[in-house]
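Examination of the molecular architecture
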Amino acid sequence: GVRIRAGARAAEQLLAAQATSAASLASLEFRVRNRSLHKDWMFHGFDGAIALRTLILLRAPNAAELARFTLWRDDPAIDPVVNPQWKNPRSWTDFRLKMLVFPSLEKLPGPATEKLCRDYLALSDDAARAIGPTQFEPAAKALLAVSPRTSTAIELMKHRLPEVRGRAILDCVRLSGQPWARAALDQGAPHALSFLASKDAESQSKP
């Protein structure tokens, strides 16, 4: 546990130093691909998770590719540390790394990030559960963060899952001062515009 925390702290220090040398990035990638195993969920993969977050926030050239590898990874090497108490798929043991992906990708705009988010959003429920705890809403939030466009918002408003549609609407309501978000609400969720109008009217009527 002490060693794992030290590895995570080292990754944080590389981020603080904005260390983007080839050696630094290679070291971080190695830690992601070879995250430490531990039977205690509080320690398992902690160093790899922070290393992945650091690579994404440093905008390393292969950060999106590594994020994809992490999300879809189902590693037989973790069998010895899987807790039989939980009846989840083996891949869930790496939840700490997987759950950091989409919040971090919000800071990594680009075609690779957009494709990763869309590929995840296209998964069935069963396919998503097979690779980790489902993250459809975080994926939608990340996609709209890196692709703040009317077309992207409407695409999400038509998704099969209500949490994805709801996330897109809520984000557009929050950003309704921006023309693209307002247009998306007008085309994809006019009821939300009615809600906004009523809230505006209510605020203006108060002394």
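Structure: see above.
Presented here is an overview of the structure given in this document. (Residues numbered from 1 in each chain as written. Predicted model: local features only at pLDDT ≥ 70, side-chain atom pairs only at ≥ 80, totals over all residues. Heavy atoms only, no water.)

Some words on the overall build of the chain
The following threshold applies: For helices the rule is a DSSP run of H or I covering at least 4 residues; for strands it is a run of E covering at least 2, with both sets numbered from the N terminus onward. We call a residue buried when its accessible area falls under 20% of the maximum for its residue type, exposed when it is over 50%, and partly exposed in between, using a 1.4 Å probe and counting protein chains only. Contacts between residues were defined by any pair of non-hydrogen atoms, one from each residue, lying within 4.5 Å. Here, Shrake-Rupley sampling with a 1.4 Å probe gives the accessible areas, and only protein chains in the shown set may cover a residue. The charge count treats Lys and Arg as positive and Asp and Glu as negative. His and the chain ends do not count. Lysine's charge is taken at NZ, arginine's at CZ, aspartate's at CG and glutamate's at CD.
Tallying secondary structure elements over the chain gives 13 helices and 0 strands in all. Secondary structure of the chain in N-to-C order comes out as α-α-α-α-α-α-α-α-α-α-α-α-α. When the backbone C-alpha atoms are referred to their principal axes, the chain occupies close to 60 × 40 × 35 Å. For the chain, the residues scored as buried account for 43% of the 207 residues in total. Long-range pairs, those at least 24 residues apart, make up 64% of the contacts in the chain between residues at least 6 apart in sequence. Summed over its atoms, the accessible surface of the chain is roughly 10800 Å², and 58% of this surface lies on carbon and sulfur atoms. Averaging the coordinates of the 29 positive side-chain charges in the chain and doing the same for the 21 negative ones gives two points 3 Å apart.

Observations concerning empty space enclosed by the protein
Remark: the empty space left among the atoms is shown by a probe the size of a water molecule rolled over them. Our working rule: Points on a 1 Å grid, built from protein atoms alone, make a cavity when a 1.4 Å probe fits but cannot get out and make a pocket when they are open with protein on both sides within 12 Å along at least 5 of 7 lines; residues with an atom within 4 Å of a point are the lining residues. Grid points are joined across faces, edges and corners, and a volume is the space filled by probe spheres set on the points.
In total, this model carries 1 cavity of 30 Å³ or more according to the counting rule given. Within this model, the largest cavity holds a volume of roughly 30 Å³. Every residue lining the largest cavity is listed: L71, K98, Y120, I131, G132, P133 and Q135.

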